[in-house]
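The lines below spell out each chain.
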Amino acid sequence: MAKKENATQFPVTLTAATREELAVKFDELKDQHAGETLIAGCVARSKDDGTFKITITNI
Amino acid sequence: MATLKGQNIRVLLQDGTKFKVVGKSTNATITLTGNTEDASTKDDVAMAAKPEVVSKSWSVSVESLDVTDAGAILTAVKSLTPFTLIWDEVSAADNQTALAATFARKGTAYLNDVTFAWNDRENSTKSLQFTGSGPLEKLSTAPTMELVTVDGAYTKGQFVRLFLSSDNSTTPAKVIAAAKQLSLHVSMTLEDATTKDTTGDWQIQEPTALSYDISTGALVRSGETVTSSVAAQDLASIEDIYEASVPVKWQIANVSGANNRTKGAVIVSGSVTITSLTLNTPNRANADYSATLSGYGIYTVGA
């Protein structure tokens, strides 16, 4: 299989202003990596700026 | 001489060629055990025992408020492969950089017990227990470090929920109504595999079994009182599952939206059997129930 351009460097941390936006970003990442196993952790919220983040790894 | 403070002792795990601390750690314990055999005989005129150390074993436990790596940790424990671990004093400048102190030690250990807890309104926690396999050597050279990001981001327990199906074929779509507590506990059974071939007196361990259970607790409501597009399991429907005595599918997922019920990224999933259901009815207090769900087969990290 040809190597994808701009391939995601895992682990990747997605950040968004809301949990819903983060869920959409995660779904987009899953679509980009269809057929791969993506491993998600728990969503954390920053006490500093209120943003939400999730760390994704793959195997 | 100042006393050593707990924050300056950390557990470091090897990641590639570098070591990094277990982030957001709140406590850590190392236990060194001398396993003994009584060497007293009839030749001894006194009544006292004579314990002789025949082997040595060790374990390290660490607790943390970082659950962002839940998927990765659950994958690691499932892989049954050991970690290389360091116990060391760290630089007071960053509480991370290992100093190779006089008591610093390094060894190979299995991650044989993991608990994640996601309780309502509380910062979620993880507890990791490592059991050593082979020697716990003194560390003479400071390891190459990879510093973890100090980001002040935490996961409140109400934003991670258990979804439970009513059978073993349907994707779980119902949360536990009025849930208060949730924890996932994974346990690896280790067996002493030390033989006459083993050099030295440190015990060698080998994994022999893996099991997990989920505990949840919730208030008892008479019917579903929350208006939400996402349905829920209450005590009555969980009793139905218990009575059916069959495994059901589950998922633990990040949630958002109305009543914290909209499923986001799934962290872990599998099938469980209900092995305990307890209804608590204290006087002048909310009645609640707790359930223990025992893993049926191995879990899947992700959906």
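About the cut-offs
Residues numbered from 1 in each chain as written. Chains lettered and ligands numbered in written order. Predicted model: local features only at pLDDT ≥ 70, side-chain atom pairs only at ≥ 80, totals over all residues. Helix = DSSP H or I, 4+ residues; strand = E, 2+ residues; numbered from the N terminus. Buried ≥ 20, exposed ≤ 12 C-beta atoms within 10 Å, placed from the backbone. Contact = placed C-beta atoms within 7 Å. Nonpolar A, V, L, I, M, F, W, Y, C, P; charged D, E, K, R; others polar. Pairing = 2+ DSSP bridges. Expected span 1.5 Å × (residues − 1). Arc of directions from axis to C-beta. pLDDT = per-residue confidence, 0-100.

### As for the overall build of chain A
Scanning chain A from terminus to terminus reveals 1 helix and 4 strands. Put simply, chain A runs from its N terminus to its C terminus through helices and strands in the order β-α-β-β-β. The 59 residues of chain A split such that 29% are buried. Counting only contacts in chain A whose residues sit at least 6 apart along the sequence, the fraction spanning at least 24 positions is 49%.

### Section: the overall build of chain B
Helices and strands together make up the secondary structure of chain B, namely 2 helices and 17 strands. Over its C-alpha atoms, taken along the principal directions, chain B stretches across nearly 70 × 55 × 40 Å. Relative to its full complement of 303 residues, chain B shows a buried share of 38%. Look at the contacts in chain B between residues 6 or more apart in sequence, and 68% of them connect residues 24 or more apart.

### Observations regarding the interface of chain A and chain B
Taken together, the contact between chain A and chain B spans 22 residues of the former and 24 residues of the latter. Going through the elements one at a time, α1 (19-32), β2 (38-40), β3 (44-46) and β4 (52-58) of chain A are the ones with two or more residues in the side of chain A that touches chain B. It is α1(A) that contributes the most residues to the side of chain A that touches chain B, 5 residues altogether. Of the residues assigned to the side of chain A that touches chain B, the class counts are 11 nonpolar, 5 polar and 6 charged. With 2 bridges joining them, β3(A) and strand β8 (residues 153-154) of chain B adopt antiparallel strand pairing. Residue pairing across strands places R45(A) opposite Y154(B), the latter belonging to β8(B).

### Looking at α1(A)
Here α1(A) is 14 residues long and its end C-alpha atoms lie 20 Å apart, about the 20 Å a rise of 1.5 Å per residue gives. By the burial criterion, the buried members of α1(A) are R19(A), L22(A), A23(A), F26(A) and L29(A). Each buried residue of α1(A) sits inside an arc of 120° when the element is viewed along its axis, so together they form one side. Set apart from the buried face of α1(A) by more than 90 degrees, the exposed residues are D27(A), E28(A) and D31(A). Buried residues belonging to α1(A) abut β1 (12-16), β2 and β4 of chain A together with β14 (248-256) and β15 (262-280) of chain B.

### Quick notes on the environment of D192(B)
As for its placement among the helices and strands, D192(B) is situated in strand β11 (residues 179-192). Contact partners of D192(B), with chain neighbours within four places excluded, come to Q203(B) and Q205(B).

### Focus: the pairing of β14(B)
All names here are of chain B. With 8 of 9 residues buried, β14 is to be regarded as a mostly interior element. With 8 bridges joining them, β14 and β15 adopt antiparallel strand pairing. Bridging from a neighbouring strand, A253 pairs with V266 of β15. Where β14 folds back onto β15 in an antiparallel hairpin, the turn is made up of 5 residues, including G257, whose phi is positive at roughly 75°.

### Examining helix α1 (residues 70-78) of chain B
Residue and element names in this part refer to chain B. Within α1, the full set of buried residues consists of A70, G71, I73, L74 and V77. Angular distribution of buried residues about the axis of α1 spans 165°; they occupy a single face of the element. Among the residues trailing α1, L80 stands out with phi positive, at a value near 60°.

### Focus on unusual backbone geometry
Cis geometry marks the peptide bond from F10(A) to P11(A), where omega comes out at 0°. Position of P11(A) relative to the elements: it lies in the segment before β1. Positive phi is not limited to glycine here, since K24(B) has a value of about 50°. Secondary-structure assignment places K24(B) in the loop between β2 (18-21) and β3 (25-38). If you check the backbone angles, N95(B) has positive phi at about 55° while not being a glycine. Topologically, N95(B) is positioned in the loop between β5 (83-89) and β6 (105-117).

### Concerning the confidence of the model for chain A
Close reading of the predicted structure is inappropriate where its pLDDT is low. Overall, the prediction assigns chain A a mean pLDDT of 88, with 90% of residues at 70 or greater. Note on residues 1-5 of chain A: pLDDT under 50 across the span, and 0 contacts to partners over four residues away in sequence or across chains.

### Thoughts on the environment of L164(B)
Residues and elements named next belong to chain B. Residue placement: L164 occurs in strand β9 (residues 160-164). Of the residues examined, L164 has 25 C-beta atoms within 10 Å and is grouped as buried. In contact with L164, other than residues within four places in its own chain, are P172, K174, I176, Q233, V248 and W250.

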